[in-house]
Every structure is written in C-alpha cells, then in structure tokens.
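# Coordinate inspection notes
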Amino acid sequence: MPEWMSFAGRKLLRLITLLVAVAIFSYTLISLSPIDPVDAYIGADMLLISPEQRAQIAARWGLDQPPLARFIAWARELAGGNFGTSLIFNRPVLEIIGERFIASLGLMATAWLVSGLLGYALGILAGARPGSLLDRAVRLYAYILASSPSFWVALLLLMAFSVGLRWTPICCASPPGLLPEEVTLAHRLHHLILPAITLSIVGVANMALHTRQKLIEVLESDYALFARAQGATTRDLVRHHGLRNVALPAITLQGASLSELFGGAVLVEQVFTYPGLGEATVQAALRSDVPLLLGIVFFSAIFVFAGNTLADLAYRLVDPRIRIGAATP
Amino acid sequence: MLQVQGLQVSFTVYTQGLRQRRLTVITDLDVTVRAGEVVAIVGASGSGKSLLAHAILGILPHNAELGGSISFQGKPLTQARKEALRGRAIALIPQTVAALDPLMPVGEQVRLAALRGGVPAAGAREVVAASFARYGLAPEAARLHPFQVSGGMARRVLVSTAVVGQARLLIADEPTPGLHPEVVTETLGHLRELADGGKAVLMITHDIEAALRVADTVAVFYAGTTVEQAPARDFAGGGEALRHPYTRALWRALPSQGFVPLPGAQPAPDALPPGCLFADRCPLVTAACRVARPPARELRGGTVRCIHA
Ligand code: SF4
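Throughout what follows, the structure given in this document is the object of discussion. Keep in mind the model is a prediction, meaning the values are calculated, not measured.

The next point concerns the overall build of chain B. Each helix and strand in chain B was counted, giving eight helices and twelve strands. Rg of the C-alpha trace for chain B: 20 Å, near the compact-globule value of 19 Å for 309 residues, within the 12% margin. The principal-axis extent of the C-alpha atoms belonging to chain B is close to 65 × 50 × 40 Å. In chain B, which comprises 309 residues, the share counted as buried stands at 53%. The long-range fraction of contacts in chain B, counting pairs at least 24 apart against all pairs at least 6 apart in sequence, stands at 63%.

What follows deals with the overall build of chain A. The number of helices and strands found in chain A is 13 helices and zero strands. Mapped from its N terminus to its C terminus, chain A presents α and β elements in the order α-α-α-α-α-α-α-α-α-α-α-α-α. Viewed in the frame of its principal axes, chain A has a C-alpha envelope of about 85 × 60 × 35 Å. Scored against the burial criterion, the 329 residues of chain A give a buried share of 40%. The contacts in chain A between residues at least 6 apart in sequence include a share of 72% that link residues at least 24 apart. Carbon together with sulfur atoms contributes 69% to the accessible area of chain A, which is approximately 18,000 Å² in total.

The partner chain B presents 25 residues to the 22 residues of chain A that form the contact. Buried surface at the junction of chain A and chain B, summed over both partners, amounts to about 2,100 Å²; 65% is from carbon and sulfur atoms. Three residues, A:Phe226, A:Ala229 and A:Gln230, lead the burial of chain A against chain B; their summed loss comes to 30% of the area buried on that side. For the pair chain A and chain B, the interface holds one salt bridge. Between B:Arg116 and A:Asp236 there is a salt bridge, with its nearest N and O atoms 2.8 Å apart. Counted by class, the side of chain A that touches chain B contains nine nonpolar, seven polar and six charged residues.

We now examine the layout of surface pockets. One number sums up the size of the second largest pocket: a volume of about 770 Å³. Lining the second largest pocket are 24 residues, and of these A:Leu219, A:Arg228, B:Leu60, B:Pro61 and B:His62 lie nearest its centre. Taken together, the residues of the lining of the second largest pocket sort by class into ten nonpolar, seven polar and seven charged.

Turning next to the pattern of salt bridges. One pass over the structure, following the stated rule, counts 21 salt bridges over all chains. Here B:Glu37 makes a salt bridge to B:Arg34, at a shortest N to O gap of 3.6 Å. With its nearest N and O atoms 2.8 Å apart, the salt bridge here joins B:Asp234 to B:Arg243. In this pair, the class of B:Asp234 matches that of B:Arg243, namely buried. One connected set of salt bridges, linked through shared partners, spans A:Arg91, A:Glu95 and A:Glu99.

In this section: empty space enclosed by the protein. Using a probe with the size of a water molecule, rolled over the atoms, empty space left in the structure can be pinpointed. Scanning the entire structure with this criterion turns up four cavities of 30 Å³ or more. Approximately 80 Å³ is the volume found for the largest cavity. Those elements giving two or more residues to the lining of the largest cavity turn out to be helix 9 (222–229) of chain A together with strand 6 (90–93) and helix 5 (151–163) of chain B. Split by residue class, the lining of the largest cavity holds seven nonpolar, five polar and no charged.

Okay, a nonpolar patch on the surface next. All names here are of chain A. A contiguous nonpolar surface patch, about 740 Å² in accessible area, is contributed by Phe151, Trp152, Leu155, Leu156, Met159, Val163, Ile170 and Leu267. Tallying contributions element by element places helix 7 (residues 150–164) first for the nonpolar patch, with six residues. Following the sequence through the fold, Leu156 ends up in helix 7. On the basis of relative accessible area, Leu156 is assigned to the partly exposed category, the value being 39%.

Before going further, it helps to spend a moment on the site of the ligand. As a matter of local geometry, the ligand sits amid 13 residues, with B:Cys276, B:Cys282, B:Cys289, B:Cys306 and B:His308 nearest to it. Taken together, the residues of the shell around the ligand break down into eleven nonpolar, two polar and no charged.

What follows deals with the side chain of B:Gln229. All names here are of chain B. By secondary structure assignment, the location of Gln229 is in strand 10 (residues 225–231). You can call Gln229 buried: its relative accessible area is 12%. Dropping the residues within four chain positions of it, Gln229 is found in contact with Asp30, Val31, Thr32, Val218, Ala219, Arg243, Gly302 and Thr303.

Right, let's get into the packing of aromatic side chains. Counted by the stated rule, this structure contains eight aromatic pairs over all chains. Here A:Phe101 and A:Phe303 contribute two aromatic rings whose centre-to-centre distance is 5.6 Å and whose plane-to-plane angle is 75°, an arrangement assigned as edge-to-face. Residue A:Phe101 is located in helix 5 (residues 93–128), and its partner A:Phe303 is located in helix 12 (residues 290–318); the two are separated by 202 residues in the primary sequence. Accessibility classification places A:Phe101 together with A:Phe303 in one group, the buried group. On the basis of an interplanar angle of 55° and a centroid distance of 4.4 Å, the ring pair of B:Tyr222 and B:Tyr246 is categorised as tilted. With B:Tyr222 in strand 9 (residues 217–222) and B:Tyr246 in helix 8 (residues 245–252), this residue pair connects regions lying 24 residues apart in the sequence.

Our focus in this paragraph is the environment of A:Ser162. All names here are of chain A. You can see Ser162 is positioned in helix 7. A relative accessible area of 4% places Ser162 in the buried class. Through-space distance from the C-alpha of Ser162 to that of Val202 is 19 Å; in sequence the pair is 40 residues apart. For Ser162, the contacting residues outside a window of four places in its chain are Leu157, Thr168, Pro169, Ile170 and Leu194.

Residue and element names in this part refer to chain B. A positive phi is found at Gln73, a non-glycine position, where the angle reads about 50°. Relative to the assigned elements, Gln73 resides in the loop between strand 4 (64–72) and strand 5 (75–76). Residue Gln73 is classed as partly exposed on the basis of its relative accessible area, which comes to 44%. Unusually for a residue other than glycine, Ala223 sits at a positive phi of about 50°. Turning to its location among the elements, Ala223 is positioned in the loop between strand 9 and strand 10.

Conventions we followed
Residues numbered from 1 in each chain as written. Chains lettered and ligands numbered in written order. Predicted model: local features only at pLDDT ≥ 70, side-chain atom pairs only at ≥ 80, totals over all residues. Heavy atoms only, no water. Helix = DSSP H or I, 4+ residues; strand = E, 2+ residues; numbered from the N terminus. Rg over C-alpha atoms; globule rule 2.2 N^0.38 Å. Buried < 20%, exposed > 50% of the residue type's maximum accessible area, 1.4 Å probe, protein only. Contact = heavy atoms within 4.5 Å. Areas by Shrake-Rupley, 256 points an atom, 1.4 Å probe, with all protein chains shown as cover. Buried area = accessible area lost by both parts, 1.4 Å probe. Salt bridge = Lys/Arg side-chain N within 4 Å of Asp/Glu carboxyl O. Nonpolar A, V, L, I, M, F, W, Y, C, P; charged D, E, K, R; others polar. 1 Å grid on protein atoms, 1.4 Å probe; cavity = no way out; pocket = protein on both sides within 12 Å on 5 of 7 lines; lining within 4 Å. Points joined across faces, edges and corners; volume = space filled by probe spheres on them. Patch = residues over 30% accessible without salt bridge, like charges linked within 9 Å, V, L, I, M, F, W, Y side chains within 5 Å. Near = heavy atom within 4 Å. Phe/Tyr/Trp six-rings, centres within 6.5 Å; stacked < 30°, edge-to-face > 60°.

This is the structure:
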C-alpha cells in the first residue's frame, strides 16, 4: 500500500473516532444540562401552554423515549447530514454555520497568518541572540500576552481605537443600517481590522516563544557547532540552518493553534459584535439553541482536525526525512 | 604549523546549592604538528581530548576557560584569530554526520563550507564538484540528505567539507568511529594523502592501531595531560623504545601485542592525585613520583612526563 494511502486511512479512522467521541460527549453534556428542549422551544409563551400541551410536544419529539434510543435516533440523523433547525434563527443549522463561517473565515485566516508569520519572525530575532535587549523585549511581550485573556485585550483595543481615537468602528462586520448590496470591500476591511489585530497579537505570543526556544536549540546543536567551526557567523547559521529547522515544529504548532484561534474568535467576536461563528456560538449557548450549538461543536471539531491534518501534510512535504524516506524505503 | 603548550581547559559548573566549581578537564596538553605530518592524539574515549579541537577552533562553550598557549604558523592563536582562520586556514573533520544539518542536501552543505572557507560564490559549485570527484562521490550524491548516506560516504562528505576551503591544518576528530575495516583504511588513506600534499593533520582518536597506521607522531593523552609524544616507529617490539609506562601499557594491551590489560581506571578530573597522575596504576611507582607532577622533558626525540623514564 502506498505511504499516502495508509496516511489517509489513519487520518480517516482518527476523524471517525473523534466525531463519535464528540457525539457521545456533547450529547451526554446536553442531557445533563438544565436546558429543557420544550421550554427552549416555547420560550416566552411558556405561561400560555398547558401541561397537556407540553406533554404532547415532548411526545412528538420523542422525549418520552429512553436516553439511549434518543441518542441513536439523533446520531442516525447526524450521520445522514441532518443537523436540524436552529431555534433562534429558525433556519437549518448547516445554513447558519456556512454563513457565519464565511464571515469568520476572513477574521481567522488573517489572524492565523499574521500571528504565525509575526510570531515566527519575532521568535527568530529573539532566539538568534538570547539575552539581548530585543530578546528580552520579545519575551516580555509574549509573557504578558500569553497570560492576558483575549476578550480583555479586545476590550482595551476597542476602548483605545474605537472609542478613544475613533479610527475603527465599534461593532459589527459592516456599517449598521446599510443594505448588504451597499457594503463595500473597504467597509468590510475596516470592520475586520481591529478584531483581526486582537486575535493576531494574542496568537503571536505562543509562536514567538516556541520559535525562540527551537532556534536556541538549533544554535546549540552539533551541526551548528560544526558550521561555526567552518567560520559561520550567527547570521549565516540562522539563515542556512535555523530558518529551515525551526520551520518544521512551527508548522505543527501553527496547525495545532487553530483550536485556540477558534476559542479566541468566540470571545473576540462577542466583544466586537462581529457576526461570525463565534458570536453565533455564544448566542446559541445563551439562548439554549441546542441544535445550533451541537452543529457548531461538530463543525469546530472537523475544522480543527482539518487544520492539524493540513499541518501534518505540510510537514511531510517540508521534511526530507519523511518525503524521501517514504519514497525510497 | 601548530604548537600547543600547557593547554588547560576548565569549566565552571554549578553543583548542588548553586555553588560554583571549576572542573579542569585538560590540565596540561602539549602537541606540535608540522606541515606534511600526521600527528595523532590518542586517549581513552570520553577523556575530553575532543575539547582540544574545540579549543583550537575557538568553539568551546561559554562556561569554558582556556589556559596555556596555542600558536599557529608562528603567531599566538587568539580568539579573534581563531574566528578569522577557522574554516579558512584551520578546518575540522567532525566525527559523525550528526555534524551535518539533517534537512539540507549534503552537496549544499559542502558548498556552504566552501563559501565560509573563502571560496568565491561564482566558483563554489565547481570546487564542490571537484572535491566530490576527488573523493569518489557521484555527482548525484550531492542531492542526498545526511540520513541517506552510508557510513563510508559520510566520511567522504565530511572530509570534503574540510578540504574545499584550502585549509592548511586539518583536525580530524575521531575519524574512525565504528566503521567497516575498508572504510577505516580509506579514511586513514585520505588523511595520509592530505599530509603528503603538504597539509598538517591532527588526528584525535581512541584507536591506537588506527593512529599507528598513518601517524608520524603519536601523543598519548592520560587524565588531561599528554604523558608522551613519540615517533610512531617507537611503537615496536616490546615497546622498549617508548618513554612512558602508560604508553607501554597501551601498546601491550593491543590484541596484536599480547592483550595485556592495564588494571584500574583513569582518575576523574575532580579527583586528580597531587603527584604523577599515573602513579596509582604505574608498575614503576616510587615515593618520589607522588610528590609533584613530573614536567614534560625531551627524551630520545620525543617528550615524556615521567621522572623515571
Ligand atoms: S613518574 Fe613515577 S608513577 Fe609516574 S609514570 Fe613515571 S614512574 Fe610511573
């Protein structure tokens, strides 16, 4: 069997296990939560409904069945691609997720790229001369940001740039009151910029510290010592050996950071009232929209998994030990 | 070409309770290498003799301190001079492919070594190709990564990195570690050839037999000192021409010389005896030996640190 096929097979198996585990966990959690699906459905009309009517609704939804039977019925629908209808939006869950994801994608992609590249660059600069002023500045910055919650950074930036300086809008993905046709790309970018910056500067910390540490390790390696014996300067070492060898672990880290990015986006979108997937998550949770919430849980699991798989693939392309080693046994 | 006298290498280490301590690994090392000559430093594995290479190249770690004197081409080898000369006039042949970047094709690494050694960028490719040809490496080998090359090929690549830069002094650190006999012969042949071509070769090894096959002079390293420097031809017969009891014991311990083992172990760097470092294992030891470290003295065309030699 070719190497890539066993790789794909392994990945697929892992994805299926992951989804099954997510289904069981999230179903159990929701069952244990105080959310009552009937109450959530009825909402404010609660007082107008008699206990008999409630029982009827429950029976129609199969809520009188034992939990395991309900789980199996639910899982069967999921497997068939039916995620149900969102209670707050009153539209199919998949439609909402698709819409919101596109809005979030720009935000997350920007933040992902900027934090990755900036973090890598800062880590290289710091790691090339450990103990230097620049290194200490980068480390200070990274430690502070690594320990500040992203919603707090978002609030600070919002106060400074939107409320104080009035450079950036206070909320939303486009100016309020405009029809969708009237919104230009400039509008969108203007609204994207602050949330994206927030997510980026928070994400930089991890990457910078990790890259710095790896570069220091590379500079202490046998091959770096040999390069020095050949007369290489630190600049030469970083350029020819550092960048490449540090890039490999950085790719993995950046792939793994998707889950954090997702989590960060939830909070940041909430602060900026940015109508993305994160904002929808908070709404769904606050207003007991179970179908939407479960849909998002599944979607994010698949999303993070896809990110990690892509990082794995990139790693295999970059690392000759895997790329060539797999081709010539 | 190279003269090392009374070299000392010590490290500042932190022991329990953050107490600073100095650990002297090389206490007194002398060696002289002339152009056209292969000199071997022979000592037990892990006795710190590789630090000599690092000391000459100025790549000791930061917590290391250097004493004694090193001169190269008649002038003291200061740290600034080491930095200017390494790769250009003095080159290292490292022990294993671990000294190569795992992610870079070997040809590229030899080319980098050439550039670092002062070969102009325009001609670097030709220089690399020529050195590959000289060491019987196929041009395609340049595209291989270190994990793909075999033991023998790795040796040739490592030698290539050292010779592309026109260095005058080559330091081969443990050039024959666990290699196939044919590869050992080939590697030693390369060193001899380089010396015959006018270069000075310093070979650091634990393998006395390999050393004797190519070296003109052998310096014997024991507990941080060179106890003897002897012409290779003195290693003959029952070792009568040898000067130091340790050298003689080494010689007799060889399989070809009767395999006579030497009991005991070298003293640890932090527990050196006050007198002769070999006193605890020496068959000729007397009370006088334990009073002071015997200084190096000239004897029959070599040097020795033994009062009874
Ligand atoms: S000085 Fe004494 S103890 Fe040391 S090697 Fe010579 S004879 Fe042996």
